[in-house]
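So the chains spell out like this:
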Amino acid sequence: MLRTLTINNIALISYAEIDWGQGLNILTGETGAGKSIIIDSLNFVLGDRADKSLIREGEEEALVEAEFDEINSITQEILKEYEIDFEDGLILSRKMTIDGKNICRINGIKVTVSALKSIASSLVDIYGQHENAILLNSDNHINILDNFIGDKITCAKQEYLQAYNNFKQIRFKLNEYNKMTDVDIRFEILQKQLEEINEANLVVGEEEELQKKCDMYDNQEAIVRASSNVYTLLNGDMENNACDSIHSAIRELSKIEEYNSDITEYIARLEEARIEIADIASSVDSISNSVSVDEFEAQKDIARLSVIHNIEGKYGDTEEQVLAYRDKITSEVEELSNYSFMLEKLTNDYNLALENLEQKGIDLSDVRKTYATKFENLVVSELKELGMPNTGFAVDIVTYNDIETIAHKASTNGIDIVEFLISPNLGEPLKPLRKIISGGEMSRFMLAIKKITAQIDGVNVMVFDEIDTGISGKIAQVVANKLYDISNSKQVLAVTHLPQLASMADVHFLISKSTDNGRTNTNVTLLNKEKSAVEIAKMIDGIEASEFAVLHAEKLLDIAKQYKETHN
């Protein structure tokens, strides 16, 4: 259940901390006092779409926190997916700054708005005016029926979805094959490309080695000349080459070696240098000797490098890219060579998948039709108690029975079109809900749906924002009773203008406005029994709690007490 809702800087609310109770929580107050702000704040922390206009004027940010306990099993599974610990309850928080940034946390762990909304949807079910639009849209009726059926439709849905996804995959492949034109031409082009690449017989790294050789062929004279000059300078026949000069230096140092002990080390080092230079000279000389080129071999290498460059110019910048392209077109050539066979196979697979889809769709439809009658009877029964005794209601299920229609119109929901039909008056034909239902009837119809599904879904908290629209008199008391019935198994939060609903409250909050230092503030006050009675009397009288209104309020409270005693 929702334990606490803390609101900071939302619209007219500077700060409010609301400690909700079990059972039926009622919010009352004059029009414009800020009751809707409470619901907006709850919607905000549950991940609903919001903009910075929610932030209180003059403030930089707004923050709402909602603390829950008694976490249901559905929410627990979702929390495990996000690796969020929930042993000590659950705290959802959402902050929005003036520049539009949203920061969402669950038990202190930062999450996305979508993750927040996913988790929150398993905690709270909010009925507001937008819910009427959802119900009036017949596209949503199939989901309402399926939610009512619950686990009993799960298996049929899973089998259908598996058949649907398989059908879609095969249909996509078949469409791709049917789009292919000039198959023979494409096959011939790719076959020639493949032959050309295979004939080149590319080896990764070969191009680099050949390039080095060809560079050497192009610079043969320069290599011979440079290596010969280096050898002459280091250890050649010319006078004063490097080795001879070092030898002379050693000889001169030997003459004075006995006079300085360091000279022995210098002589040794010079000898090492002379040997190293002589070795380098010999190695450089061998370069000149190795440069001799076999003209036939050179032409062969140059021709091979030309082949590699030509292939790369057509199919890739490197050997690796050419080979990757070869692998790609090899698969395509194989497919094209089997085109006729594959087209026939895919067509056969498509027909089998479509037949299976039809059968699984019929199985799913049969489950819906089996439970639709039970749903109809429950809705009619609830509407009768809600002051609509002559109302007819039916779930119209139209199942596609043509294989081509199924192929084009089947969806993730099956092969059914589901629409709710209603006849509010005796003797009138059933018509689509969206065409004939009034505002007051819609409120009662929605309450009937919520009353039925409250026993099925796993949500522990239900919120009703002015469920009493278009309702008064005797029906108001019936609605109050219904909300109390729901609150026996769920925590219920309800905004109302009706004294009958307020009198049924287990917990009663008054929403009011005040001014302080030139600013308007919305305040939330928990009322005790005496103050609740006075507030109910004001709701009856319209302005003040007159003696008559007080008596009427006391009577309503007695009626509520008697109902609670007999329906706990």
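How each quantity is defined
Residues numbered from 1 in each chain as written. Predicted model: local features only at pLDDT ≥ 70, side-chain atom pairs only at ≥ 80, totals over all residues. Heavy atoms only, no water. Helix = DSSP H or I, 4+ residues; strand = E, 2+ residues; numbered from the N terminus. Rg over C-alpha atoms; globule rule 2.2 N^0.38 Å. Buried < 20%, exposed > 50% of the residue type's maximum accessible area, 1.4 Å probe, protein only. Pairing = 2+ DSSP bridges. Axes fitted to C-alpha atoms, helices over the stretch in contact; angles between N-to-C directions. Core = buried A, V, L, I, M, F, W, Y, C linked by side-chain atoms within 4.5 Å. Contact = heavy atoms within 4.5 Å. Salt bridge = Lys/Arg side-chain N within 4 Å of Asp/Glu carboxyl O. Left-handed = near helix turned anticlockwise from the far one by under 90°. Nonpolar A, V, L, I, M, F, W, Y, C, P; charged D, E, K, R; others polar. pLDDT = per-residue confidence, 0-100. Phe/Tyr/Trp six-rings, centres within 6.5 Å; stacked < 30°, edge-to-face > 60°.

### Digging into the overall build of the protein
Looking only at helices and strands, the protein has 21 helices and 15 strands in total. Relative to the compact-globule value of 24 Å for 568 residues, the protein shows a C-alpha radius of gyration of 43 Å, a clear excess of over 25%. On the principal axes, the C-alpha backbone points of the protein span a range of 135 × 80 × 40 Å. Within the protein, buried positions represent 42% of all 568 residues.

### Focus: the sheet that holds strand 4 (residues 61-68)
Strand order in the open sheet formed by six strands is 2-1-4-5-6-7, with antiparallel pairing between adjacent strands. Bordering the open sheet on either side are strand 2 (13-19) and strand 7 (109-111), each of which pairs with just one other strand. Across this sheet, the average inter-strand angle for adjacent strands is 15 degrees, counted without regard to direction.

### A look at the nonpolar core
In this structure, Leu 357, Phe 375, Val 395, Phe 420, Phe 445, Phe 464 and Leu 483 are the most contacted members of the largest nonpolar core, which totals 79 residues. For this core, the element with the most residues is helix 14 (residues 339-385), which contributes 12 residues. Ignoring sequence-local partners within four residues, the contact set of Phe 375 consists of Ile 144, Leu 145, Phe 148, Phe 393, Val 395, Phe 420 and Ile 449.

### Structural notes on the pattern of salt bridges
Counted under the stated rule, the structure contains 20 salt bridges. The partner of Glu 196 in a salt bridge is Lys 314, and the shortest N-O contact between them spans 2.7 Å. Pair noted here: Glu 196 is in helix 7 (residues 183-200) and Lys 314 is in helix 12 (residues 295-315), with a separation of 118 residues, a long-range link. Given the relative accessible area of 23%, Glu 196 is considered partly exposed. Residue Lys 314 is classed as partly exposed on the basis of its relative accessible area of 47%. When salt bridges with common partners are traced through the structure, they connect Asp 146, Lys 157, Arg 368 and Asp 416 into a single cluster.

### Observations regarding the packing of helix 20 (residues 529-541) against helix 21 (residues 547-566)
Between helix 20 and helix 21, the least distance of the axes is 8 Å, while the angle of their chain directions is 115 degrees. Of the two possible hands of crossing, helix 20 and helix 21 adopt the one that is right-handed. Across from Ala 533, Ile 536, Ala 537, Ile 540 and Asp 541 in helix 20, the residues of helix 21 making contact are Ala 549, Val 550, His 552, Ala 553, Leu 556 and Leu 557. Tallied by class, residues from the contact of helix 20 with helix 21 come to nine nonpolar, one polar and one charged.

### Thoughts on the confidence of the model for the protein
For the protein, the mean per-residue pLDDT works out to 86, and 94% of the residues sit at or above 70. Mean pLDDT across the elements of the protein ranges from a minimum in helix 4 (residues 129-136), with 68, to a maximum in strand 3 (residues 24-28), with 95.

### Some words on the packing of aromatic side chains
Summed over all chains, the structure comprises 12 aromatic pairs. On the numbers, 5.3 Å between centres and 40 degrees between planes, the contact of Phe 167 with Tyr 350 is tilted. One end of the pair, Phe 167, is in helix 6 (residues 154-179); the other, Tyr 350, is in helix 14, with 183 residues separating them in the sequence. You'll find Phe 167 and Tyr 350 in the same group, each marked buried. Look at Phe 375 and Phe 420: their rings are 5.8 Å apart centre to centre, the planes differ by 40 degrees, and that puts the pair in the tilted class. Within this pair, whereas Phe 375 is found in helix 14, its partner Phe 420 is found in strand 10 (residues 416-423), the two being separated by 45 residues in sequence.

### What about the pairing of strand 8 (residues 124-127)?
Here strand 8 shows no split at all, with Val 124 and Ile 126 on one side and Asp 125 and Tyr 127 on the other all buried. Relative to strand 12 (residues 461-465), strand 8 runs parallel, the two sharing four bridges. Each residue of the ladder has a partner; that of Ile 126, found in strand 12, is Val 463.

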